[in-house]
Amino acid sequence: MPHDHHDDHAHSLLPPEPALRVKALETLLVRKGLVDPAAVDAIIDQYEHHIGPHIGASLIARAWNDPEFKKQLVNNTDGILAEMGFGGRQGEHIVVVENTPACHNLVVCTLCSCYPWPVLGVPPAWYKSDAYRSRAVSEPREVLSEFGIIIPQDQKIRVWDSTAEIRYLVLPMQPKASFGLDQADLVGWVSRNSMIGAGLP
Ligand code: FE
């Protein structure tokens, strides 16, 4: 059919680079009046400059310092995040998993790149790689050693597979050296990778 032929032709003209493909798609959507370019820019600006791992880090630092807040963050994550204004897009349901001496948690999305955007921002490139997505499940200890973390043999590793419905945030163990610091100082100890489980504070 002529229509199909037209689509095939358009498809073969699409550039291979993801950025160009996105641009082509955006141009098309804007031209058809389906999206407002100012709205797209505002969303990109929001995730580039305002939403990022510093939000998750402030939650973790507060949880380390305030046992009552920690209990709420673990048991009523969605409620707490909504209350603090950190809900929304790509974070419909966030589950906090707490590292303990018995268990280290590691987060992956085996299917694509689901990630708790409202608290960590945009996922790092390695999180979306085929290698991480398959190996985090099949050989997590090996993968973590490549991130420079050696998990003791008596500490088990639990791997959490994110989905569009459920995103995970790791609550790392507070390093002994940081005990007694106040929340503002603790924030600097919480790295992005530690909240994915691919790092330690
Ligand atoms: Fe995904």
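Remember, it's a predicted structure, so these values are computed and weren't measured experimentally.

Structural notes on the overall build of the protein
Line of reasoning, step 1. Along the protein, the regular secondary structure elements total 11 helices and four strands.
Line of reasoning, step 2. C-alpha extents for the protein along the principal axes are approximately 70 × 35 × 25 Å.
Line of reasoning, step 3. Scored against the burial criterion, the 201 residues of the protein give a buried share of 34%.
Line of reasoning, step 4. Side-chain charges of the protein comprise 17 positive and 24 negative groups, with the mean position of each set lying 3 Å from the other.

Observations regarding the side chain of T77
Line of reasoning, step 1. Along the chain, T77 falls in helix α6 (residues 77–84).
Line of reasoning, step 2. Relative accessible area serves as the criterion here: at 6%, T77 is assigned to the buried category.
Line of reasoning, step 3. A polar side-chain atom of T77 sits 2.5 Å from the main-chain carbonyl oxygen of L73.
Line of reasoning, step 4. Excluding residues within four positions of it along the chain, T77 makes contact with Q72, I94 and V96.

Details of the pattern of salt bridges
Line of reasoning, step 1. Under the counting rule described, the total for this entry stands at six salt bridges.
Line of reasoning, step 2. Between E68 and K71 there is a salt bridge, with the nearest N and O atoms lying 3.8 Å from each other. Here the residue E68 and the residue K71 both occupy positions in helix α5 (residues 67–75), the gap between them amounting to three residues, near one helical turn.
Line of reasoning, step 3. With a closest N to O distance of 2.6 Å, R135 and E139 form a salt bridge.

Structural notes on the coordination of the iron ion
Line of reasoning, step 1. Surrounding the iron ion are the protein donor atoms C109 (SG), C112 (SG), S113 (N), C114 (N) and C114 (SG), at 2.1 to 2.8 Å.
Line of reasoning, step 2. Written as a sequence motif, the donor arrangement for the iron ion is C-x2-C-S-C.
Line of reasoning, step 3. You can call C112 partly exposed: its relative accessible area is 36%.

Here we look at the packing of aromatic side chains
Line of reasoning, step 1. Evaluated as defined, the whole model comprises seven aromatic pairs.
Line of reasoning, step 2. Arranged with centres 4.9 Å apart and planes meeting at 75 degrees, the rings of W126 and Y132 form a pair that is edge-to-face.
Line of reasoning, step 3. Chaining the aromatic ring pairs together yields one cluster made of Y115, W126, Y127, Y132 and F147.

Some words on the domain arrangement of the protein
Line of reasoning, step 1. Segmentation of the protein into domains returns domain 1 (5–48) and domain 2 (52–195).
Line of reasoning, step 2. Centre-to-centre, using C-alpha coordinates, domain 1 lies 32 Å away from domain 2.

Things to note about the nonpolar core
Line of reasoning, step 1. Ranked by internal contacts, the top residues of the largest apolar core, which has 42 residues, are V119, Y132 and L169.
Line of reasoning, step 2. Per-element tally for this core: the top contributor is helix α4 (residues 53–65), with seven residues.
Line of reasoning, step 3. Apart from residues lying up to four places away in sequence, V119 is in contact with G52, P53, I55, G56, L59, L81, I94 and L169.

Comments concerning a nonpolar patch on the surface
Line of reasoning, step 1. A cluster of nonpolar residues, L25, L29 and L34, forms a patch on the protein surface that exposes about 290 Å² of accessible area.
Line of reasoning, step 2. Relative to the helices and strands, L25 is located in helix α2 (residues 18–31).
Line of reasoning, step 3. Of the residues examined, L25 reaches a relative accessible area of 52% and is grouped as exposed.

Examining the pairing of strand β2 (residues 103–108)
Line of reasoning, step 1. In terms of burial, β2 is a largely internal element, six of the six residues being buried.
Line of reasoning, step 2. Judged by which residues are buried, β2 turns out to be covered on both faces: C103, N105 and V107 on one side and H104, L106 and V108 on the other are all buried.
Line of reasoning, step 3. Alignment of β2 against strand β3 (residues 156–161), held across six bridges, turns out to be parallel. Its bridge partner being in β3, C103 is matched across the sheet by K156.

So, the pairing of strand β4 (residues 167–171)
It is a general feature of regular strands that their side chains alternate between the two faces of the sheet.
Line of reasoning, step 1. In terms of burial, β4 is a largely internal element, five of the five residues being buried.
Line of reasoning, step 2. A two-sided burial pattern is seen for β4, the buried positions comprising R167, L169 and L171 on one face and Y168 and V170 on the other.
Line of reasoning, step 3. With five bridges joining them, strand β1 (residues 94–98) and β4 adopt parallel strand pairing. Pairing of V96 across the sheet is with L169, part of β4.

The rules we used
- Residues numbered from 1 in each chain as written.
- Predicted model: local features only at pLDDT ≥ 70, side-chain atom pairs only at ≥ 80, totals over all residues.
- Heavy atoms only, no water.
- Helix = DSSP H or I, 4+ residues; strand = E, 2+ residues; numbered from the N terminus.
- Buried < 20%, exposed > 50% of the residue type's maximum accessible area, 1.4 Å probe, protein only.
- Lys, Arg positive; Asp, Glu negative; His and termini not counted.
- Charge placed at Lys NZ, Arg CZ, Asp CG, Glu CD.
- Polar contact = N/O pair within 3.5 Å; in protein donor to acceptor, adjacent residues only side chain to side chain.
- Contact = heavy atoms within 4.5 Å.
- Salt bridge = Lys/Arg side-chain N within 4 Å of Asp/Glu carboxyl O.
- Donors = N, O, S within 2.8 Å, 3.2 Å for Na, K, Ca; no water.
- Phe/Tyr/Trp six-rings, centres within 6.5 Å; stacked < 30°, edge-to-face > 60°.
- Domains from an automatic or database assignment.
- Core = buried A, V, L, I, M, F, W, Y, C linked by side-chain atoms within 4.5 Å.
- Patch = residues over 30% accessible without salt bridge, like charges linked within 9 Å, V, L, I, M, F, W, Y side chains within 5 Å.
- Areas by Shrake-Rupley, 256 points an atom, 1.4 Å probe, with all protein chains shown as cover.
- Pairing = 2+ DSSP bridges.

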